[in-house]
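Next come the chains, spelled out residue by residue.
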Amino acid sequence: MFIKKALPALALLACCACGSKIPQKTNVLSKPPSQQKKSTTKPVTDKPEQTVFTKPEQKTRDNKTNDKPEPTNVEAERPQITYTPPASFNALPEMEYGSRSFYLNKVDSLQKAYSVSDYNKNIQTIINQITEIPGKKKNPAVTADSWYAAIDFNIRKPHFVVLHHTAQTSAEQTLFTFSLRRPGRESSSHYVVGRDGSVYQMLNDYVRSYHAGLGKWGSITDMNSCSIGIEIDNNGSEPFSDEQIKALLKLLEVLKNKYGIPQANFIGHSDVAPGRKSDPSKYFPWKRLADAGFGYWYDSYNLPTPPADFNAIMALRAIGYDTRDVSKAIGAFKLHYIQNDTSSSLTDYDKKVLYSIYRKY
Ligand SMILES: [Zn+2]
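Presented here is a report on the structure given in the accompanying data block. Bear in mind the structure is a predicted one, so any value in this text is a computation, not a measurement.

What counts and how
- Residues numbered from 1 in each chain as written.
- Predicted model: local features only at pLDDT ≥ 70, side-chain atom pairs only at ≥ 80, totals over all residues.
- Helix = DSSP H or I, 4+ residues; strand = E, 2+ residues; numbered from the N terminus.
- Buried ≥ 20, exposed ≤ 12 C-beta atoms within 10 Å, placed from the backbone.
- Contact = placed C-beta atoms within 7 Å.
- Pairing = 2+ DSSP bridges.
- Axes fitted to C-alpha atoms, helices over the stretch in contact; angles between N-to-C directions.

Examining the overall build of the protein
Next up, step 1: A tally of regular secondary structure across the protein gives 10 helices and 5 strands.
Next up, step 2: When each of the 361 residues of the protein is scored for burial, the buried share is 36%.
Next up, step 3: If you take every contact in the protein between residues at least 6 apart in sequence, the share linking residues at least 24 apart comes to 75%.

Put into structure tokens, the structure is as follows:
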């Protein structure tokens, strides 16, 4: 399930795959020395000439939206309003409330009303952040007056994939949820995978989505900053369809290859937020994913017996679980690996499974 309250945005990543152009900055050192000081003391609100955002192609059914992005402080100026259907919404043909077509029409209306415009404004904010010349805003820890540019760098990449189930009734409902302005309850994901195998991308992979929320995995306390979030359409009490898992595996393959994400780093929301989240549910086919190279599974045919001094809590911690509340950590582990028993105690069999998983990390 998606989060109800997102963490504050941290260092954000830039957009290079959404049609935007990263502005070409001028190194102050290329200017005559007399101009360098002036360059570094220009007001930070100056708008770089090159930061023109090219709006990405919109994939709604009607591409009439033509909102121009405005480079501005979105967080400060974003109006705190809730969804108000456009006038045209009332003219939509009758359809069953809550049906896929009902939500799809709502999604289209929202996308035209403000979702695409909001996306572009957020992207512009990111572009402004990442194109800010070091030294323009004085870092109190930096003592040099001039900026000396290093020249070898590229963009930071996602290093984890966190899987969710939507706890909703259709992918269209989730698209609607993520299109909606919900001040104070912001949530999003990079991808939504429908029950019929449809895959929707809602955010550029490089931006920080609000999907993981409060949680901890190993020493990481901000999973949103290092992960891609995938919402899988499922109400939480039903099996996942074969078409859906095939589509998910294809998506994971693309992400793993593109970003070099390690096998161990395909995990569930419940893994990083023990006790707070329980998705994906016990029906999720983690073994099938592990067999395909996404996450680990235990050696079911030759389950090793742990040594007498095996420390289950240390093993959970080594895998990544937050063990500050041991009962919740065990519950999260069992939801992932035992599935038909999510109690907060470890049986001898559970310990064998844990030991088997632990040895893979
Ligand atoms: Zn979730």
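Things to note about helix α4 (residues 171-179)
The periodicity of an α-helix, 3.6 residues per turn, causes residues three or four places apart in sequence to face the same way.
Next up, step 1: Most of α4 sits inside the fold, with 9 of its 9 residues counted as buried.
Next up, step 2: Among the residues of α4, A171, E172, Q173, T174, L175, F176, T177, F178 and S179 are the ones counted as buried.
Next up, step 3: If you follow the buried residues of α4, they end up packed against α3 (100-130), β2 (191-193), β3 (199-201) and β4 (227-232).

Details of the sheet that holds β4
Next up, step 1: Spatially, β3-β2-β4-β1-β5 is the arrangement adopted by the 5 strands of the open sheet, whose pairing is mixed. Taken across any chain shown, the strands that pair with only one partner, and hence form the sheet edges, are β3 and β5 (266-268). Within this sheet the neighbouring strands show an average axis-to-axis angle of 25°, counted without direction.
Next up, step 2: Across the sheet, α4 is in contact with β2, β3 and β4; its angle to β2 comes to roughly 160°.

Some remarks on unusual backbone geometry
Note: most residues except glycine have negative phi, and most peptide bonds are trans.
Next up, step 1: Each neighbour pair has its own omega, and for D279 with P280 the value is -5°, a cis peptide bond.
Next up, step 2: With a phi close to 60°, A167 is a non-glycine residue in the positive phi region.
Next up, step 3: In this structure, A167 sits in the loop between β1 (160-165) and α4.
Next up, step 4: Despite not being glycine, Q339 has its phi angle at roughly 70°, a positive value.
Next up, step 5: Mapping Q339 onto the fold places it in the loop between α9 (326-337) and α10 (348-358).

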